[in-house]
Amino acid sequence: PSLGGALLTTSGLTKSFRGFTAVNGVDLQVREGSVHALVGPNGAGKTTLFNLLTGFLAPSSGTVTLAGQDVTGLPPEKMAHLGVARSFQITSLFDQLTATEHLELALQSSTGQGLKFWRSDVLMGRFADRSAELLEEVGLSDQAHEPAGALAYGRKRALELAIALALEPRLLLLDEPTAGMGIEDVSRTIELVRRVAVGRTVVFVDHNMHVVGSLADQVTVLQQGRVLAEGPYDAVRTDPRVITAYLGE
Ligand code: ADP
């Protein structure tokens, strides 16, 4: 795919917890239109970096820039408003609401009107088409009216992805999209992320190297809070420093 300039940039990004530096001077460039993987051994700082990019943590030092705008330290709602959407690893769905209802709720809240018209038929109708489109996009059309609590784990993750897409994000962050999945759901998820990545910019964390190799244009390898290597998957995979870091796990 043709990649544009940097959509998201970090410079010297650092996060310390009581003297322990989990993310240490990270310079990251996520190009517009790319699928960018963050990988590294356990404790490398992937989750902390992810939280810094989405505003769930404020950095100790360094900057985060989104499309040329300094967004350092902005809270998650503000980041969401600027087009940064995150799908959660821990499921945050309401068991009793259907897939469609989740999306109508997400679409409505993305209009900034809050929930006061939640039961209005007019508004329900207004979001029905877009909601159906999003469910189609993630392969959930058949289960549109099932309560989320009745969906299989992989389908719940697909619904969460659809909810993130409802925000029309310019940057989509996926926290371990295949975590806890069996081989079949992993394959489905790879296909799904490939599809939704078209025309979007995606950053994801995943432990599964098959997933990383199947999806990522660019890979950043972290070790002990620092960038150990970066580049296309094949170059990074064969980098001796990366091999050593993983053997040490
Ligand atoms: P990864 O996601 O790559 O496994 P993390 O970002 O979760 O790594 O953690 C990096 C390091 O920072 C770990 O050593 C972890 O114990 C530490 N860490 C993460 N969050 C906190 C916190 N809130 N307080 C103290 N230490 C933390």
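For the chain, an unreviewed UniProt entry supplies the name ABC transporter ATP-binding protein and the organism Cellulomonas fimi.

With respect to unusual backbone geometry
A negative phi angle characterises most non-glycine residues, just as the trans form characterises most peptide bonds. The phi dihedral of Ala-67 is positive, around 45 degrees, even though this residue is not glycine. Here Ala-67 shows up in the loop between strand 4 (61-66) and strand 5 (69-70).

Quick word on the site of the ligand
Contacts to the ligand come from Phe-17, Phe-20, Ala-22, Gly-40, Asn-42, Gly-43, Ala-44, Gly-45, Lys-46, Thr-47 and Thr-48. Looking at the shell around the ligand, the elements that each hand over two or more residues are strand 2 (20-31) and helix 1 (46-53). Tallying contributions element by element places helix 1 first for the shell around the ligand, with three residues. Taken together, the residues of the shell around the ligand break down into four nonpolar, six polar and one charged.

Overview of helix 5 (residues 153-166)
Between its first and last C-alpha, helix 5 extends 20 Å over 14 residues, near the 20 Å set by a 1.5 Å rise per residue. Taken across its 14 residues, helix 5 has 11 buried, putting it largely inside the fold. By the burial criterion, the buried members of helix 5 are Arg-155, Arg-157, Ala-158, Leu-159, Glu-160, Leu-161, Ala-162, Ile-163, Ala-164, Leu-165 and Ala-166.

Describing the environment of Leu-161
Inspection of the secondary structure assignment puts Leu-161 in helix 5. Leu-161 sits in the buried class, given 24 other C-beta atoms within 10 Å. The spacing of Leu-161 and Leu-135 is 26 residues in sequence and 9.7 Å in space, taken between C-alpha atoms. Once residues lying within four places of it in the same chain are set aside, the contact partners of Leu-161 are Ser-87, Val-138, Leu-192 and Val-196.

About the cut-offs
Residues numbered from 1 in each chain as written. Predicted model: local features only at pLDDT ≥ 70, side-chain atom pairs only at ≥ 80, totals over all residues. Helix = DSSP H or I, 4+ residues; strand = E, 2+ residues; numbered from the N terminus. Near = placed C-beta within 6 Å. Nonpolar A, V, L, I, M, F, W, Y, C, P; charged D, E, K, R; others polar. Expected span 1.5 Å × (residues − 1). Buried ≥ 20, exposed ≤ 12 C-beta atoms within 10 Å, placed from the backbone. Contact = placed C-beta atoms within 7 Å.

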